[in-house]
Amino acid sequence: MTYHLTRVQFWIQNKNVKFYQTQFQFQLFYNVLSEYWLLTTILLSDSDLFVNVIQYFSMLGSALTVVLITGIFGVDLRSKVFVFIFCITLPIGILESTTTQNDYLSAYFFLNFLYFCLLLIQHKKLEWSLIFWCVTSIILGGFTKYTAFLFAVPFCVWLTISIIKNAGLFSAIKVGLFAIFLFCLVFFPFFYRNYQTFGSILSPLPTSTFYAGNAYTVEHISIEATLSTMIKNAGIHLGLPITSYNQQIKNIVEKAHELLHYSSGDLNSSLGEYQAVFTLTEDRSGNFFHFWIITFGFVLLGLSFFRKSFQKSQKYYGVMVSYAILLFVGLLIYSAIFKWQWFHSRTQISFFLASAPFLVLLFRNFLKSTVLYLSSVFLLVLLALPYVYVNPKKTILPVRYLVKKTLGYVPIELDNHIPAILKNPVILKFYHTKDNKVWTLDGGQSYSTKITINQILADAGFYNEDMLTVFTGTRFDKYFFGNVSQNNDLVKIAEILDKNGGDKTIGIVYKSHTMLVYPFWKLPQTNQGKNTFEYIYYSKEIKDVYNQNKPYSYIISTVSPKKLAISDNDIKKIYRLQDYFLIELSRPSTKTYYWEEYKFK
């Protein structure tokens with residue numbers, strides 16, 4: 001909601017997709033195809049109810065495309081079913097398939113590119129219909145997210161060599177010119193707009209106030225940096241819910257870096273310190289079981305070089321080996337160019353899905369055993385269930401609360417943020433305070449007593465956040481899984497704006513760009529989108545973009561009115577909330593808080 005949906009909502013508000021003034025620069029120059037799909041979905045349905053459908057169908061489409069790729073290698077139906085299940089049970093894929101991220105859409109286009117690429121290589125002749133879909137797929141994949149281009153580079157080389165071999169150099173040149181034409185047709189308006197504003201087609205220059213450093217790409221490509229990123233990218237998938245085990249994994253990663261004589265936290269190739277963690281979040285979840293299956297597959301592939309009998313038994317052995325090697329080379333290119341980051345699990349979705357076809361060829365004999373086949377399928381599905389039902393952002397089963405209730409969990413300390421709890425005589429019997437700020441639980445409580453306390457706390461709303469599922473609470477509550485205080489603040493702000501009546505233009509000043517704007521457009525109290533919201537804290541660099549701000553009569557801010565330097569005469573009323581200020585102005589203002597002049601922290 002900080003980036004994808006907010007970007008789309010500003011386009012809808014402005015009635016165009018041109019640049020607007022914002023303090024979150026990624027809303028401007030990042031790839032746009034996924035957001036165009038979101039925009040179309042919201043406009044056609046007049047709602048954001050279906051925005052997650054794009055990624056969900058991208059998941060299904062990706063899995064089916066991998067099945068088609070597997071079919072090129074001549075496998076049976078049983079193997080195709082296994083491949084499909086392997087794809088749809090990918091943990092990070094499950095979590096991301098119900099978001100507005102863009103990694104699965106990019107993966108879908110990349111996999112389509114692979115399919116048409118392999119068909120062209122298999123047919124050994126130039127078929128322009130396949131060329132069109134092959135080129136279109138990878139360009140749309142890159143227009144969604146640049147990672148698609150990196151994974152595709154080795155396959156483009158393979159396809160070029162195949163075309164030269166089977167149709168001649170002139171045909172390869174024609175295909176190259178067509179690809180360049182189509183690329184320019186899609187990317188030129190996007191690049192031109194970026195260049196006009198930032199002086200660069202990709203992102204702001206180092207001299208720009210919007211420049212965020214080499215936030216995603218390495219500054220100096222080297223073997224050590226690439227191997228470091230590869231090791232940590234593998235480490236993302238190794239976390240388990242066992243603290244001692246995770247510490248051992250971290251130690252192994254550190255030892256590997258010592259052998260490389262390269263720091264695991266080197267800023268040239270890393271954003272953040274590596275930690276082995278287990279999580280169910282939509283950005284950071286690893287693919288533990290799938291990772292080991294793929295690793296085992298590459299080991300078997302290496303061993304197959306020494307088994308002539310296996311090579312002779314595989315009709316497509318040569319193509320399979322080339323495919324697997326090029327896929328690994330794509331991962332190397334990806335690791336060489338992009339810095340390691342904690343959310344790279346989701347940017348590797350393309351690699352994990354594309355690995356399935358060569359894996360099923362290697363495991364074909366293994367899958368012939370019905371017992372082993374059904375056991376593998378059962379294990380894949382079983383391990384996927386927590387990611388389906390216990391996603392913290394879209395919980396189906398409130399496992400956290402159910403576990404706490406079963407174990408008789410009660411907090412050691414309580415504060416006064418829910419006053420009703422501290423008025424209950426049963427609670428006061430077991431909790432005591434010295435300062436009327438924090439109440440501490442007396443020790444030695446029996447299990448039955450803890451169950452009683454747990455139920456009282458639950459009835460008073462203490463566990464509401466743990467109990468929230470996709471079937472409970474309001475639709476607006478579901479925007480804020482894990483952030484109740486922000487939910488409460490935004491609801492109160494919306495109620496005040498609604499009570500004061502009229503259509504308003506509201507200026508936004510946030511210390512951090514991660515604070516949300518998008519929900520204001522979706523609250524029923526804010527006149528169903530009749531109010532206009534605009535950032536008034538941004539860089540001078542974008543003060544002259546196409547969409548200009550209008551005079552505003554309110555300010556929603558995480559910065560105090562004093563720091564905003566608003567005179568008392570210009571303030572009609574200040575509403576103080578937990579994390580926000582809502583400032584009602586006595587008259588409309590056009591004042592802008594430029595980054596170059598104001599440093600709010």
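Residues numbered from 1 in each chain as written. Predicted model: local features only at pLDDT ≥ 70, side-chain atom pairs only at ≥ 80, totals over all residues. Heavy atoms only, no water.

1. Observations concerning the sheet that holds strand S5 (residues 532–535)
Link 1 in the chain: Across the sheet, 5 strands lie side by side as S5-S4-S7-S9-S8; this open sheet has mixed pairing. In this open sheet, the two strands that pair with only one neighbour each are S5 and strand S8 (571–576). Averaged over all pairs of adjacent strands, the angle between strand axes in this sheet comes to 25°, irrespective of strand direction.
Link 2 in the chain: Bridge count for strand S4 (residues 505–509) against S5 is 4 bridges, and the pairing is parallel. Paired with Gly507 across the strands is Glu534, a residue of S5. (Pairing = 2+ DSSP bridges. Helix = DSSP H or I, 4+ residues; strand = E, 2+ residues; numbered from the N terminus. Axes fitted to C-alpha atoms, helices over the stretch in contact; angles between N-to-C directions.)

2. Quick notes on the packing of aromatic side chains
Aromatic ring pairs: the centre-centre distance and the angle between the two ring planes describe each pair.
Link 1 in the chain: According to the stated counting rule, one finds 57 aromatic pairs in the structure shown.
Link 2 in the chain: An aromatic cluster is built from Trp11, Tyr36, Phe143, Tyr146, Phe149, Phe183, Phe187, Phe190 and Phe191, whose rings are joined through pairwise contacts.
Link 3 in the chain: One Lys or Arg, Lys18, reaches over the ring of Tyr546 and ends 3.8 Å from the middle of that ring.
Link 4 in the chain: Here Arg78 stacks its cationic end above the ring of Tyr373, 4.8 Å away from the centre of that ring. (Phe/Tyr/Trp six-rings, centres within 6.5 Å; stacked < 30°, edge-to-face > 60°. Lys NZ or Arg CZ within 6 Å of the ring centre and 35° of its normal.)

3. Focus on the side chain of Thr65
Link 1 in the chain: Structurally, Thr65 is set in helix H4 (residues 53–72).
Link 2 in the chain: Excluding anything up to four places from it in sequence, Thr65 contacts Tyr108, Leu111, Asn112 and Tyr115. (Contact = heavy atoms within 4.5 Å.)

4. Quick word on the sheet that holds strand S3 (residues 438–441)
Link 1 in the chain: On the basis of which strands lie adjacent, the open sheet formed by 3 strands has the order S1-S3-S2 and antiparallel pairing. Looking at the sheet topology across the chains shown, the edges are occupied by strand S1 (413–415) and strand S2 (431–433). The average undirected angle you get between the axes of adjacent strands in this sheet is 30°.
Link 2 in the chain: By the bridge criterion, 3 bridges tie S2 to S3 in an arrangement that is antiparallel. Within the sheet, the bridge partner assigned to Tyr431 lies in S3 and is Leu441.

5. Overview of the pairing of S8
Link 1 in the chain: As paired elements, S8 and strand S9 (residues 581–589) share 5 bridges and run antiparallel to each other. Note that in S9 the partner of Ile574 across the bridge is Ile583.
Link 2 in the chain: Turn length for the S8-S9 hairpin, with the two strands adjacent in sequence and antiparallel, is 4 residues.

6. Thoughts on the pattern of salt bridges
Link 1 in the chain: Applying the stated criterion across every chain, the model contains 12 salt bridges.
Link 2 in the chain: In this structure, Lys394 engages Glu282 in a salt bridge whose closest nitrogen and oxygen atoms are separated by 2.7 Å. Of this pair, Lys394 sits in the loop between helix H19 (370–389) and helix H20 (399–407) while Glu282 sits in the loop between helix H12 (243–260) and helix H13 (288–304); the two residues are 112 residues apart in sequence, bridging distant segments of the chain.
Link 3 in the chain: A relative accessible area of 22% means that Lys394 is categorised as partly exposed.
Link 4 in the chain: By relative accessible area, Glu282 is classed as buried at 14%.
Link 5 in the chain: With a shortest N-O distance of 2.6 Å, Asp570 and Arg587 are connected by a salt bridge. (Salt bridge = Lys/Arg side-chain N within 4 Å of Asp/Glu carboxyl O. Buried < 20%, exposed > 50% of the residue type's maximum accessible area, 1.4 Å probe, protein only.)

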